[in-house]
Amino acid sequence: PPEIRRSDYAPFPWLVPTTRLEFELGLERTRVTARLDVERNPVAAVSPTIRLNGDGLELASLTCDGGEPEGRMMDGDDLLVTLSGDRHVLEIVTEIDPSANSQLMGLYASGGMLCTQCEAEGFRRITFFPDRPDVLSTYSVRMSGAKAQFPVLLCNGNRVDSGESADGGDHWAEWHDPWPKPSYLFALVAGDLVARSDSFTTMGGRDVELNVYVRDGDLDRTEHAMESLKRSMKWDEEVFGREYDLDLFNIVAVSDFNMGAMENKGLNIFNTKYVLADTETATDGDYDGIEGVIGHEYFHNWSGNRVTCRDWFQLSLKEGFTVLRDQLFSADMGSEPVKRIEDVRILRGVQFPEDSGPLAHPIRPDSYREISNFYTATVYNKGAEVIRMMRTMAGEKAFRRGTDLYFKRHDGEAATCEDFVRAMEDGTGLDLEQFRLWYSQAGTPKVAATLSHDGDVATLKLTQTVPPTPGQPDKKPMPIPFRVALFDRKAGTHSGEQLLVLDRASAEFTFEGFAHKPVLSINRGFSAPVSIERDVSREELVFLAARDDDPFARYEAMQELMTGYLVGSVSGDLDESESEAARGDIAEALKAVVEDDQLDDLMRGELLMMPSQSYIGEQMLVADPGAIHVAREALKTDLGTRLGEALHRLYDRAAQVPFSLDAEAKGARKIKTLVLSYAAASDPAKAAELAASQYDRADNMTDRQGALMVLAGLDSAERTARLLDFYNRYRGNALVVDKWFALQASSLHPQVVAHVEALRSHPDFNLRNPNRVRSLYMAFAANPAGFHAADGAGYRMIADLVLELDPINAQTAARFVPSLGRWRRIEEKRAAMMRDALERIARAPKLSRDTFEQVTRSLG
Ligand code: B3K
Ligand code: ZN
């Protein structure tokens, strides 16, 4: 497959002002008639042909201006038509079989209904079309089909007409979307659905009808989604001044979906996982996830749809910005510090490893073979961090001037990241010349920070290095904004936070008026997505963990205390007395957190959480997953033992809090399961008993799943009985059965590999349903104890899965490759087996473009 380059961009020679589509719907046979008005694009090079992209399509008929076109030919899957005039009407008929579409791109069948997924390049699986985001067109759609099978017919925009056939067997609907859009935002749904309906009045007084469509029987699990939608609409008006622009907003939940959801204009299509919730079946995390994704897709109406992307290299223009918008929304709806910590955990747990591995790429990539492979944590989450840094440097007010200008300037256009940065410069007054490096350079900057003290002057020396990444051996220094405070260690306070921007390889900053050496609090709020090596004593970390008034910095001090110890202990750098002293300090710091009555439980839970195995591995050049696992579990055992009583008191207190969805009750639930997991390491028998009782008494899914998660890792009688009970209780509810698979695949149980192998043959396992595949295998690939099993069985299992899944669903298959691609950072025995697994995939005779690209880059 060819490599597509950002530098090769050229405007499309043709405009398509209007598109009329007619769908004669059937699960096994759908006939699509497309009528395109095309005219020459005055700002593009003149071309004698028009390229209409296709992907596996059969052309049934083609006319140009009602007759035979002057010329036509196939170029691979694309159709080239000769056009000699300035304006033409093309009519294209294709026939497709949605039931055979297991890739879930284009028009496909899911549980008896029809739906679409067109981003990034799915529309070309429906009809021949210039399937690129810079071709904007106004769509009118007529859809018809059997009334009994497809009682509900939905499309983008507004429904303008409908009716039925003389015998009443078929019916039809006509839809018109007044907003010009690229083909990737097209959507259609036909099926037997019911809706929760509501309305929202916008700030300009427009009454918008809102519907959340689900399968019959799921209606009473849609309240939270609807409430989240209304909150999103209100928030975007208040915080970004963005108003909704149609009279109708529909959300449809489908159970077969490649990712979370899709922002199609006026017709968002969602994975059921991000719509359905009630307290019996959804955890607190599920509730938060729904609110965040509903917000994200809604916010795309402006950042994505009204202003879209010129080409797919600009993906972060809409995704990075929209992730930032959904993060700010969720922070406003709940606990801001806890949301920030969660977002940083995702960034460091997923994006940092990506940025330091073979798949590293800038947030605005320079080339790709398959664009689906670039819907990454780098484009999304690092992209959000980059925009967040501009907001930090500009301040909230000026940032809003920048976003207002961006929307005003580019409304109705297909824009670039450069357009965004320029609007930010013009709106805020910032000079972002050097800052643009954040768009072009990959790799996580490392910053060394040392604080010295002389007389009454403290000097902070900062030195940055941006590591080499594939294709980018040499890097330039980037501007890195640090929120910093210097604490007086006696008073325990500081005299104000400052923003320092490190924009050279190395710089010194001085601070006067310190009789004693202060304690440095740096990268407060995680103001820059970098990793910091600071010269800090354990005593200072204990101080910050207890006293820092920035919640993130406090969390960070706690993490650093534990990470420092674990890295030292795995590398054999600590002797017994140093180890003992470190563990003692960690335990004291945790105890202070347990007993600090100023803390709410949601935040307390963050401070008590151990760093993840992958985060610890990331701190080492070459990691031994087995050794890290052992060290981490040993620390958990030690802490659980030392803090036993304090933790159990905390548990008993939390257990008194009755169920509700408010922050206090959510915090109590978080604490309970956290205490159980420490107990599982220090006193497994007691933990099993406590977890079993939490499970049995649970009146909500958070408590039940938390208890079962702990039990799943223990070899006890309680385990088997509760796992069986859970399955029997919820069989038939796909989203909960997904949890049942995931709990077992992510467990600490020594037999986890065998468990996953057995679950593969379970009658409820289904390779065609991405949620089910992810629930078993993504959970497993993220479970270091299983995936990194010393004999390589975990690697072989993932390679087998990729090979089997690739012909069925390439996008989902390719998402499993990066876990094996980490081999260079893993000790040599395992690394060799990981490479073997990758090579075995690479040797397969017919790989998808998706998997081929990921495997080649991972081996390269
Ligand atoms: N824009 C879609 C992602 C589409 C992924 C296609 N492989 C969802 C989102 O980010 O909101
Ligand atoms: Zn998005």
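In this text the structure is predicted, and so the values were computed from the model without any measurement.

Asks: Help me understand the overall build of the chain, please; the structure alone is not making it clear to me.
Replies: When helices and strands are counted, the chain shows 28 helices and 31 strands. Here the C-alpha atoms of the chain give a radius of gyration of 28 Å, agreeing with the 29 Å that 2.2 N^0.38 yields for 860 residues. Seen through its C-alpha atoms, the chain measures out along the principal axes to roughly 90 × 60 × 60 Å. Considering the chain as a whole, with its 860 residues, one finds that 51% of them fall into the buried category. Counting only contacts in the chain whose residues sit at least 6 apart along the sequence, the fraction spanning at least 24 positions is 69%.

Asks: Is there a simple way to think about the site of ligand 1 in this case?
Replies: Around ligand 1, the surrounding shell consists of Glu119, Ala120, Met259, Ala261, Met262, Glu263, His296, Glu297, His300, Glu319, Ser372 and Tyr375. Elements that contribute at least two residues to the shell around ligand 1 include exactly β19 (261-262) and α2 (284-299).

Asks: For this particular structure, what's the right way to read the domain arrangement of the chain?
Replies: Size of an interface, as often reported, equals the accessible area lost when the parts are brought together. According to the domain assignment, the chain consists of domain 1 (4-192), domain 2 (308-440), domain 3 (446-534), domain 4 (536-640), domain 5 (643-712) and domain 6 (731-860). The distance between the C-alpha centroids of domain 2 and domain 5 comes to 37 Å.

Asks: What's the story with the UniProt feature "domain: Aminopeptidase N-like N-terminal" (unreviewed entry) in the chain in this structure? I'm lost.
Replies: Residues given the UniProt feature "domain: Aminopeptidase N-like N-terminal" (unreviewed entry) here are residues 93-185. Its end C-alpha atoms 21 Å apart, residues 93-185 is made of 0% helix and 51% strand.

Asks: For this particular structure, what's the right way to read the sheet that holds strand β24 (residues 446-454)?
Replies: Strand-to-strand pairing in sheets goes through backbone hydrogen bonds, with the strands running parallel or antiparallel. Taken in spatial order, the 4 strands make up an open sheet running β29-β25-β24-β31, and their pairing is mixed. One side of each edge strand has no neighbouring strand; the edge strands of this open sheet are β29 (506-512) and β31 (531-534). Across the sheet, the mean angle separating the axes of adjacent strands is 20° when strand polarity is ignored. Judged from the 9 bridges that link them, β24 and strand β25 (residues 457-465) form a sheet pairing that is antiparallel. Counterpart to Lys446 in the pairing with β25 is Thr465.

Asks: Can you help me understand the sheet that holds strand β4 (residues 49-52) in this one?
Replies: In space, the 3 strands of this open sheet follow the order β4-β7-β6, with antiparallel pairing throughout. Each end of this open sheet is capped by a strand with a single partner; those strands are β4 and β6 (72-75). Going across the sheet, the axis of each strand differs from the next one's by a mean of 25°, ignoring polarity.

Asks: Looking at this structure, I do not really get helix α20 (residues 734-745). What am I missing?
Replies: Residues separated by three or four positions in an α-helix point in the same direction, a consequence of the helix having 3.6 residues per turn. Between its first and last C-alpha atoms α20 spans 17 Å; for 12 residues at 1.5 Å apiece the expected length is 16 Å, and the two agree. Counted residue by residue, α20 has 10 buried out of 12 residues, so it is predominantly covered. Looking only at α20, the buried set comprises Leu735, Val737, Asp738, Lys739, Trp740, Phe741, Ala742, Leu743, Gln744 and Ala745. In this structure, the buried side of α20 is in contact with α18 (701-712), α19 (717-730), α21 (752-760) and α22 (770-781).

Asks: Help me understand the environment of Ala331 in this model?
Replies: Checked against the element boundaries, Ala331 lands in helix α3 (residues 315-333). When the C-alpha atoms of Ala331 and Gly292 are compared, they prove to be 9.7 Å apart, with 39 residues separating the residues in sequence.

Asks: Whenever I open this one, the environment of Ala623 confuses me. Can you help?
Replies: Tracing the backbone through its elements, the reader meets Ala623 in the loop between α13 (613-618) and α14 (625-642). With 23 C-beta atoms counted inside 10 Å, the residue Ala623 sits in the buried group. Residues Ala623 and Ala842 lie 219 residues apart in sequence; the distance between their C-alpha atoms is 25 Å. Those residues within four positions of Ala623 in sequence are excluded, and the remaining contacts are Gly617, Ile628, Arg825, Ile826 and Glu827.

Asks: Explanation requested: the pairing of β6 in the structure shown.
Replies: A regular strand places its side chains so that they alternate between the two faces of the sheet. Both β6 and strand β7 (residues 78-82) contribute to a ladder of 4 bridges, which runs antiparallel. Across the sheet, the residue bridging to Met74 is Leu79, located in β7. A loop of 2 residues connects β6 with β7, the two strands running antiparallel in sequence, and Gly76 in this loop sits at a positive phi of about 65°.

Asks: Help me out: how do you make sense of the environment of Val773 in this one?
Replies: Looking at the secondary structure, you find Val773 in helix α22. In this structure the C-alpha to C-alpha distance between Val773 and Glu839, which are 66 residues apart in sequence, comes to 23 Å.

Asks: So what exactly am I meant to see when it comes to the confidence of the model for the chain here?
Replies: Summary statistics for the chain give a mean pLDDT of 98 and a share of 100% for residues scoring 70 or more. Scoring of the predicted complex yields 0.99 for pTM and 0.99 for ipTM.

Asks: Would you take a moment to explain the packing of helix α27 (residues 828-842) against helix α28 (residues 849-859) for this structure?
Replies: Two measures define how a pair of helices packs: the angle their axes make with one another and the distance between the axes. Running from amino to carboxyl end, α27 crosses α28 at an angle of 140°, the nearest separation of the two axes being 10 Å. Of the possible angle classes, the one that applies to α27 and α28 is oblique. Note that α27 runs across α28; the crossing there is left-handed. In contact with Leu838, Glu839, Ile841 and Ala842 of α27, α28 contributes Thr851, Val855, Ser858 and Leu859. Broken down by class, the residue content of the contact of α27 with α28 amounts to 5 nonpolar, 2 polar and 1 charged.

Asks: Before we go on, may I ask you to explain unusual backbone geometry in this structure?
Replies: For residues besides glycine, phi is generally negative; the peptide bonds are generally trans as well. Geometrically, the link from Glu119 to Ala120 is a cis peptide bond, its omega value of 0° lying close to zero. Along the chain, the position of Ala120 falls in the loop between β10 (113-117) and β11 (137-146). At Asp65, a position not held by glycine, the phi torsion is positive, near 50°. Along the chain, Asp65 falls in the loop between β5 (59-64) and β6. With 13 C-beta atoms counted inside 10 Å, the residue Asp65 sits in the partly exposed group.

Asks: Would you explain the nonpolar core in this entry?
Replies: General note: in soluble globular proteins, nonpolar side chains tend to be found buried as a group. Formed by 242 residues in total, the largest nonpolar core has its most connected members in Val189, Val252 and Ile798. Here this core takes 10 residues from helix α10 (residues 551-570), the largest share from any one element.

Asks: Sorry if this is basic, but what is going on with the UniProt feature "domain: Peptidase M1 alanyl aminopeptidase Ig-like fold" (unreviewed entry) in the chain here?
Replies: On the UniProt side, "domain: Peptidase M1 alanyl aminopeptidase Ig-like fold" (unreviewed entry) is annotated at positions that read residues 443-534 here. Secondary structure across residues 443-534 divides into 0% helix and 52% strand, with the first and last C-alpha atoms of the span separated by 19 Å.

Asks: Whenever I open this one, the pairing of strand β15 (residues 188-191) confuses me. Can you help?
Replies: The side-chain alternation of β15 yields two buried faces, one formed by Leu188 and Ala190 and the other by Val189 and Gly191. Of the strand pairs in this sheet, β10 and β15 are connected by 2 bridges, and their pairing is antiparallel. When the sheet's bridge partners are listed, Leu114 is paired in β15 with Ala190. Pairing of strand β12 (residues 152-155) with β15 involves 4 bridges; the strand directions are antiparallel. Paired with Val152 across the bridge in β15 is Gly191.

Asks: In this structure, what is going on with the packing of helix α1 (residues 223-240) against α3? I would like to understand it.
Replies: The interhelical angle for the contact between α1 and α3, taken along N-to-C directions, is 105°, at an axis separation of 11 Å. When the interaxial angle is binned, α1 and α3 end up roughly perpendicular. Within the contact between the two elements, α1 uses Arg231, Ser232, Trp235, Val239 and Phe240 and α3 uses Arg325, Leu328, Phe329, Asp332 and Met333. Grouping the constituent residues of the contact of α1 with α3 by class yields 6 nonpolar, 1 polar and 3 charged.

Calculation notes
- Residues numbered from 1 in each chain as written.
- Chains lettered and ligands numbered in written order.
- Predicted model: local features only at pLDDT ≥ 70, side-chain atom pairs only at ≥ 80, totals over all residues.
- Helix = DSSP H or I, 4+ residues; strand = E, 2+ residues; numbered from the N terminus.
- Rg over C-alpha atoms; globule rule 2.2 N^0.38 Å.
- Buried ≥ 20, exposed ≤ 12 C-beta atoms within 10 Å, placed from the backbone.
- Contact = placed C-beta atoms within 7 Å.
- Near = placed C-beta within 6 Å.
- Domains from an automatic or database assignment.
- UniProt positions renumbered as here; feature names shortened; annotations may be inferred.
- Pairing = 2+ DSSP bridges.
- Axes fitted to C-alpha atoms, helices over the stretch in contact; angles between N-to-C directions.
- Expected span 1.5 Å × (residues − 1).
- pLDDT = per-residue confidence, 0-100.
- Parallel < 35°, antiparallel > 145°, perpendicular 65-115°, else oblique.
- Left-handed = near helix turned anticlockwise from the far one by under 90°.
- Nonpolar A, V, L, I, M, F, W, Y, C, P; charged D, E, K, R; others polar.
- Core = buried A, V, L, I, M, F, W, Y, C linked by C-beta atoms within 7 Å.

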